Amino acid sequence: MTERDGCRVWNMKWRRRRMVGGGLALAAGLATGLAPGARAEDPSEMPPQPGDRLVFLTGPKKGTAIKPDDLPLGGPQAQAYPASPEGVLREGSRLNLLIVARFDPAQLAPETLARATDGVVAYSGVCTHQACPVNAWSDEQKMAVCSCHGSTYDLRDGAKLVFGPAPHALAALPLKRADDVLVVADKFTRHVGGEMM
Ligand code: FES
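Residues numbered from 1 in each chain as written. Predicted model: local features only at pLDDT ≥ 70, side-chain atom pairs only at ≥ 80, totals over all residues. Heavy atoms only, no water.

### Details of the state of the cysteines
Inference 1: Under the criterion given, the structure shown has one disulfide.
Inference 2: At a sulfur-sulfur separation of 1.9 Å, the disulfide partner of Cys-132 is Cys-148. Handedness of the Cys-132-Cys-148 disulfide follows from its S-S torsion of about -75°: it is left-handed. Of this pair, Cys-132 sits in the loop between strand S5 (120–124) and strand S6 (136–138) while Cys-148 sits in the loop between strand S7 (143–145) and strand S8 (152–154), placing them 16 residues apart in sequence. The burial state of Cys-132 is the same as that of Cys-148; both residues are buried. (Disulfide = S-S within 2.5 Å. Helix = DSSP H or I, 4+ residues; strand = E, 2+ residues; numbered from the N terminus. Buried < 20%, exposed > 50% of the residue type's maximum accessible area, 1.4 Å probe, protein only.)

### What about the nonpolar core?
A general feature of soluble globular proteins is that nonpolar side chains tend to end up buried together.
Inference 1: One finds Leu-54, Ile-66, Leu-71 and Val-100 to be the most contacted residues of the largest nonpolar core, which totals 24 residues.
Inference 2: Residue assignment for this core shows that the elements contributing at least two residues are strand S2 (53–56), strand S3 (78–83), strand S4 (98–102), S5 and strand S11 (181–184).
Inference 3: No other element matches S3, which puts four residues into this core.
Inference 4: Apart from the residues lying within four places of it in its own chain, the contact partners of Leu-54 are Thr-64, Ala-65, Ile-66, Tyr-81, Pro-82, Leu-98, Val-100, Ala-122, Leu-175, Leu-182 and Val-184.
Inference 5: Among the nonpolar cores identified, the runner-up in size contains 21 residues, and Val-20, Ile-99, Ala-101 and Tyr-123 belong to it. (Core = buried A, V, L, I, M, F, W, Y, C linked by side-chain atoms within 4.5 Å. Contact = heavy atoms within 4.5 Å.)

### Section: the confidence of the model for the protein chain
Inference 1: Across the protein chain, the average pLDDT comes to 86, with 79% of residues at or above 70.
Inference 2: Across residues 1–15 the pLDDT falls below 50, and counting only partners more than four positions away or on other chains, this stretch makes 18 contacts in the model.
Inference 3: A low-confidence stretch, residues 23–36 (pLDDT under 50), is modelled with 32 contacts involving residues beyond four sequence positions or located in other chains. (pLDDT = per-residue confidence, 0-100.)

### What to know about the side chain of His-129
Inference 1: Following the sequence through the fold, His-129 ends up in the loop between S5 and S6.
Inference 2: Given the relative accessible area of 6%, His-129 is considered buried.
Inference 3: Here His-149 takes part through its side chain, which lies 3.1 Å from a polar atom of the side chain of His-129.
Inference 4: Sequence-distant contacts of His-129, that is, excluding residues within four places in its chain, are made with His-149, Tyr-153, Pro-165, Ala-166, Pro-167, Gly-194 and Glu-195. (Polar contact = N/O pair within 3.5 Å; in protein donor to acceptor, adjacent residues only side chain to side chain.)

### Brief notes about unusual backbone geometry
Inference 1: In the segment running from Gly-75 into Pro-76, the intervening peptide bond is cis, with an omega of 5°.
Inference 2: Its location among the elements puts Pro-76 in the loop between S2 and S3.
Inference 3: The phi dihedral of Asp-180 is positive, around 75°, even though this residue is not glycine.
Inference 4: Note on placement: Asp-180 falls in the loop between strand S10 (175–178) and S11.
Inference 5: Residue class for Asp-180 comes out partly exposed when judged on its relative accessible area of 45%.

### So, the pairing of S5
Each regular strand displays side chains that alternate between the two surfaces of the sheet.
Inference 1: The element S5 is largely enclosed, with a buried count of five among its five residues.
Inference 2: Where S4 lies against S5, five bridges are found, and the strand directions are antiparallel. Looking across to S5, one finds that Arg-102 is bridged to Val-120. (Pairing = 2+ DSSP bridges.)

### As for the pattern of salt bridges
Side chains bearing opposite charge may pair, as long as their charged atoms lie close to each other.
Inference 1: Summed over all chains, the structure comprises eight salt bridges.
Inference 2: In this structure, Arg-90 engages Asp-52 in a salt bridge whose closest nitrogen and oxygen atoms are separated by 2.6 Å. In this pair, Arg-90 sits in the loop between S3 and S4 while Asp-52 sits in the loop between helix H2 (24–30) and S2, placing the two residues 38 residues apart along the sequence. A single burial state applies to Arg-90 and to Asp-52, both of which are buried.
Inference 3: Taken together, the salt bridges that share partners define one network made up of Asp-118, Arg-177 and Asp-180. (Salt bridge = Lys/Arg side-chain N within 4 Å of Asp/Glu carboxyl O.)

Structure (structure tokens):
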């Protein structure tokens with residue numbers, strides 16, 4: 001099977017999944033990382049930092065800090081961005097797209113539970129295959145799905161890959177809770193983005 005044939009099969013399989021946020025328009029820009037001319041020290045372009053709050057990217061609470069109870073138990077994931085303690089939204093890099101979801105803590109793998117707060121887990125929302133947004137959800141599997149070629153990630157177990165062409169798990173972002181909202185506890189556990197980045 002050629003690579004193109006493989007992608008066609010994956011596309012057919014994921015088409016039944018539902019979308020949870022920003023669509024393919026976002027995907028085109030994800031491959032670029034920093035905006036043209038971006039300065040690494042610009043706080044809006046820095047990766048998530050310990051102490052940052054997570055805010056909704058989409059939906060009725062867009063732009064507000066996320067509380068654990070804002071998220072439906074058992075998924076789907078919500079899309080988010082980190083914001084600095086000073087209120088700077090770190091949207092200058094598309095690699096800062098995050099996904100967050102809430103589960104029964106008893107369903108989380110030990111390593112995932114250690115990074116979660118109140119059952120909420122956070123990961124990079126950028127697929128490790130070709131950097132599309134992981135913005136679809138499988139009700140059947142209770143897993144997050146990439147909207148391009150169907151890579152499927154188990155958010156309850158370190159976002160490990162269970163299906164599709166992506167080479168490895170999503171980067172995890174350890175969380176804690178402060179003032180009732182989700183706050184970044186540590187940096188990403190690994191490189192963020194697609195294979196070619
Ligand atoms: S970019 Fe190909 S599966 Fe995500």
